[in-house]
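# Examining the three-dimensional arrangement
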Amino acid sequence: MKQAIQSFYRGLFDLVYPPECPYCEKPIIGSSSGQISSEFCESCKEIIKPDVTERCSICDAPSGPHSNTESGCYHCNRNRDRFQFEKVKSLGVYADEIKSICLRAKEPSGRPVASAALNLLWETWEPEISQIKYDLVLPVPFHWSDRFWRSHCSPGTIAKALARKLKTKYSFRVLSKVKITAKQSSLPVSRRRSNVRDAFRVKNVPAVHGKSILLVDDIMTTGSTVNEISRCLKKAGAKHVSIVVLARALKGARSFVGE
Ligand SMILES: [Zn+2]
Ligand SMILES: [Zn+2]
């Protein structure tokens, strides 16, 4: 009875003050709870439209129709031998609306946009992501000096929301960034790998030993950052590492800015 009353008042509140879409900030009629929704409105979803055309089965870059990408594609072939993770899943290519969402998700007030983007990614790719039974979801960590001034870190927000979807454990204490690095986006490809070399540490080895790990970041370009962390996780005994990112930025494209 108490629940029914609470639900009635929540419904009434949402009718008077409907939650806003975190992207266009227009009210979402018929949605519930809170001032900012953790879902995009239908019009925004229509504009954002995740790119579900054919993609590389390893790095998730768009591939040509009917291409066989079981052993990689043009975008990842040169790196394939050094990839320590099995595969990548993303909402789409880092361009247009998806680029704008990633930039908004990084802002101090970007938590609802990051959560809504993850919800859309989940709606699109749930069957593929759920194929593997993951034991642990981990965000790409920030150095403490970077984290200190932030109200939220988008990889952490996305990872936490994804762990909830997967009903899997999440932790931001397992990995740490032990070295201050130059921003990957400011470096040429040739220096990105060495920039993040030995920058990360697995603080809790028993937590990852023999486990399947889902590593989460906001943007991936060459994959140097997630690959270096995957290398550490594998060294600590992780059985399987896969990657989820909001956007896959492509080397040489106008959107070439990621990690
Ligand atoms: Zn909207
Ligand atoms: Zn590829």
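Note: the structure precedes this text.
Here we summarise the structure given alongside this text. Per-chain numbering applies: the sequence of each chain, read as written, is numbered from 1 onward. Written order determines the labels here, with chains lettered from A and ligands numbered from 1. A pLDDT threshold of at least 70 governs which residues receive local features in this predicted model, and a stricter bar of 80 or more applies before side-chain atom pairs are shown or counted, although totals over entire chains, interfaces and linings include all residues.

## Regarding the packing of helix 4 (residues 111-129) against helix 6 (residues 154-166)
Two numbers describe how helix 4 lies on helix 6: the axes approach to 9 Å, and their chain directions differ by 45 degrees. For the element pair helix 4 / helix 6, the angle class is oblique. Helix 4 and helix 6 meet at a crossing whose hand is right-handed. Contact residues: helix 4 offers Arg 111, Ala 114, Ser 115, Leu 118 and Trp 122, while helix 6 offers Ser 154, Thr 157, Ile 158, Ala 161, Leu 162 and Lys 165. To get an axis, fit a line to the C-alpha atoms, keeping to the stretch in contact for a helix; angles then go from 0 to 180 degrees between the N-to-C directions. Under the DSSP-based scheme used, a helix requires at least four consecutive residues in state H or I and a strand at least two consecutive residues in state E, with every element numbered from the N terminus. Note that the term roughly parallel is reserved for angles under 35 degrees, roughly antiparallel for angles over 145, roughly perpendicular for angles of 65 to 115, and oblique for everything else. With the far helix as reference, a near helix turned anticlockwise by less than a right angle produces a left-handed crossing, and one turned clockwise produces a right-handed crossing. Here, residues touch in the contact sense if the C-beta positions derived from the backbone fall within 7 Å of one another.

## Describing the environment of Pro 65
Mapped onto the elements, Pro 65 comes out in the loop between helix 2 (42-48) and strand 1 (88-93). Under the C-beta neighbour-count criterion, Pro 65 is labelled exposed, with 6 such atoms within 10 Å. Between the C-alpha atoms of Pro 65 and Thr 53, which are twelve residues apart in sequence, the distance is 8.1 Å. Comment: burial labels come from other C-beta atoms within 10 Å of the residue's own C-beta, placed from the backbone, where a count of 20 or more is buried, 12 or fewer is exposed, and between is partly exposed.

## Remarks on the sheet that holds strand 3 (residues 169-170)
Strand pairing follows a simple DSSP-based rule, namely that at least 2 bridges must link the two strands. What the five strands build is an open sheet, ordered 1-7-6-2-3; its pairing is parallel. Bordering the open sheet on either side are strand 1 and strand 3, each of which pairs with just one other strand. Across two bridges, strand 2 (residues 136-139) lies against strand 3 in parallel orientation. Counted as the bridge partner of Val 137 is Tyr 170 from strand 3. Its contacts with the sheet put helix 4 on strand 1 and strand 7 (240-248), and the angle it makes with strand 1 is roughly 135 degrees.

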